[in-house]
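# Observations on chain architecture
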Amino acid sequence: MELQLLDKDKDSIRIQILDADMTLIQPIINELIKDEGVDEVRHITGHPELDLPILYIRVNNGKPQTALKRAAKTLSNEYKDALENLK
C-alpha cells in the first residue's frame, strides 16, 4: 500500500490510497473516528474503475498527519497482539 499526499492544509489532508481495499481502509477510518482530535473523516471512492480512493481527514486540534499515525500505530499494536495470541 502506498499513500500519496494530494492536498495539505494546517488542519486537513487528502491522501490518495494506492493498492488498498476496504479491509485496510475501514479499520483506519474507525480508529480516526474514535480520535477526539479528529473532526471529520471521509472516504471518497469515486468511480470504481477510474478513480483511486481518497481519504480526507480534518482535525480540530493537532495535525492530521499525527492523527493518521496514531490510528495506524493503534491498529498495528492490535494486530500484533492478535498475531501473538494466535501463536
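Please refer to the structure higher up on the page.
Note that this is a predicted model, so its numbers are computed, not measured.

### Topic: helix α2 (residues 64-86)
In this model α2 runs 33 Å from its N-terminal to its C-terminal C-alpha over 23 residues, within 8% of the 33 Å that 1.5 Å per residue would give. For α2, the full list of buried residues reads Pro64, Ala67, Leu68, Ala71 and Leu75. Looking at the buried side of α2, the elements it contacts are β1 (2-8), β2 (12-18), α1 (22-34), β3 (38-44) and β4 (54-59).

### Focus: the side chain of Asp35
Here Asp35 shows up in the loop between α1 and β3. A relative accessible area of 17% means that Asp35 is categorised as buried. A polar side-chain atom of Asp35 sits 2.6 Å from a polar atom in the side chain of Arg70. The contacts of Asp35, once residues within four sequence positions are left out, are Ala67 and Arg70.

### Focus: the side chain of Glu31
Tracing the backbone through its elements, the reader meets Glu31 in helix α1. Given a relative accessible area of 13%, Glu31 falls into the buried group. In contact with Glu31, not counting residues within four places along its chain, are Ala71, Thr74, Leu75 and Glu78.

### Quick notes on the pattern of salt bridges
Per the counting criterion, the structure on display carries five salt bridges. In this structure, Arg58 engages Asp39 in a salt bridge whose closest nitrogen and oxygen atoms are separated by 2.8 Å. Within this pair, whereas Arg58 is found in strand β4, its partner Asp39 is found in strand β3, the two being separated by 19 residues in sequence. Owing to a relative accessible area of 28%, Arg58 belongs among the partly exposed residues under this scheme. Assessed through its relative accessible area of 44%, Asp39 is described here as partly exposed. For the salt bridge of Arg42 with Glu40, the shortest nitrogen-to-oxygen distance reads 2.8 Å. Note on Arg42: relative accessible area 39%, which makes it partly exposed. Salt bridges sharing common partners tie together Asp39, Glu40, Arg42 and Arg58.

Definitions and limits used
Residues numbered from 1 in each chain as written. Predicted model: local features only at pLDDT ≥ 70, side-chain atom pairs only at ≥ 80, totals over all residues. Heavy atoms only, no water. Helix = DSSP H or I, 4+ residues; strand = E, 2+ residues; numbered from the N terminus. Expected span 1.5 Å × (residues − 1). Buried < 20%, exposed > 50% of the residue type's maximum accessible area, 1.4 Å probe, protein only. Contact = heavy atoms within 4.5 Å. Polar contact = N/O pair within 3.5 Å; in protein donor to acceptor, adjacent residues only side chain to side chain. Salt bridge = Lys/Arg side-chain N within 4 Å of Asp/Glu carboxyl O.

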